[in-house]
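# Working through the structure, step by step
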Amino acid sequence: GGRRGAREQPKPSDDDPAGPEAVLWEAEAQLERGERKLRDKEPAKARAMLTQAVEMLEHAGLVNTPRGCLLFAAATGSLLQIDADEVRLAGWARRGASLPAAPAPSGPEAR
């Protein structure tokens, strides 16, 4: 990862909780939680967390900053991966539903 250096920065102070650094910090934390949920095979939770990270960056106008752009790209990339996985699984489900039912096993393999 390219975000390693960003993680070494100190957490912003509570004096300015809504400042750009605080938003970047929280968006990165949200992105990491979302990616963890994605690895844990929880795409619905991952989607919610990643979408929240994207919205935080957009709302704060940080998408065009170097760090914000990197976080935005990582979050949207993960969201696109979730979409691709859902399309693939839906395709498999449609193909499975269109196939004739397999005959029930009989004989020795049924036991």
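Before reading further, recall that the structure is shown in the block above.
Since we're looking at a predicted model, the values are computed, not measured. (Residues numbered from 1 in each chain as written. Predicted model: local features only at pLDDT ≥ 70, side-chain atom pairs only at ≥ 80, totals over all residues. Heavy atoms only, no water.)

This part takes up helix 2 (residues 20-39). Over its 20 residues, helix 2 extends 28 Å from the first C-alpha to the last, a length consistent with the 28 Å expected when each residue adds 1.5 Å. Of the residues making up helix 2, those classed as buried are Ala-22, Val-23, Leu-24, Ala-27, Glu-28, Gln-30, Leu-31, Gly-34 and Glu-35. (Helix = DSSP H or I, 4+ residues; strand = E, 2+ residues; numbered from the N terminus. Expected span 1.5 Å × (residues − 1). Buried < 20%, exposed > 50% of the residue type's maximum accessible area, 1.4 Å probe, protein only.)

We now examine the layout of surface pockets. Its boundaries defined by the atoms lining it, the largest pocket holds a volume of some 160 Å³. Taken together, Leu-38, Lys-41, Pro-43, Ile-82, Asp-85, Glu-86 and Leu-89 form the lining of the largest pocket. The biggest single contributor to the lining of the largest pocket is helix 4 (residues 66-98), with four residues. Counted by class, the lining of the largest pocket contains four nonpolar, no polar and three charged residues. (1 Å grid on protein atoms, 1.4 Å probe; cavity = no way out; pocket = protein on both sides within 12 Å on 5 of 7 lines; lining within 4 Å. Points joined across faces, edges and corners; volume = space filled by probe spheres on them. Nonpolar A, V, L, I, M, F, W, Y, C, P; charged D, E, K, R; others polar.)

In this model helix 3 (residues 43-59) runs 24 Å from its N-terminal to its C-terminal C-alpha over 17 residues, within 8% of the 24 Å that 1.5 Å per residue would give. Buried within helix 3 we find Ala-46, Met-49, Leu-50, Ala-53, Val-54, Met-56 and Leu-57. Each buried residue of helix 3 sits inside an arc of 160° when the element is viewed along its axis, so together they form one side. Projecting away from the buried face of helix 3 at angles above 90 degrees are the exposed residues Ala-44 and His-59. Packed against the buried residues of helix 3 are helix 2 and helix 4. Backbone geometry just downstream of helix 3 places Gly-61 in the positive-phi region, at approximately 70°. (Arc of directions from axis to C-beta. Contact = heavy atoms within 4.5 Å.)

With respect to the helices and strands, the residue Ser-78 is situated in helix 4. Of the residues examined, Ser-78 reaches a relative accessible area of 12% and is grouped as buried. When neighbours within four sequence positions are excluded, Ser-78 is seen to be in contact with Glu-35, Leu-38 and Leu-50.

Now for the nonpolar core. In this structure, Leu-50, Leu-57 and Leu-71 are the most contacted members of the largest nonpolar core, which totals 15 residues. Elements supplying a minimum of two residues to this core: helix 2, helix 3 and helix 4. Among the elements that make up this core, the one with the highest residue count is helix 3 (five residues). (Core = buried A, V, L, I, M, F, W, Y, C linked by side-chain atoms within 4.5 Å.)

Under the counting rule described, the total for this entry stands at eight salt bridges. Across the salt bridge formed by Glu-42 and Lys-37, the nearest N and O atoms sit 3.6 Å from each other. Since its relative accessible area comes to 23%, Glu-42 is described here as partly exposed. Among the charged side chains, a salt-bridge network with shared partners connects Glu-21, Glu-28 and Arg-67. (Salt bridge = Lys/Arg side-chain N within 4 Å of Asp/Glu carboxyl O.)

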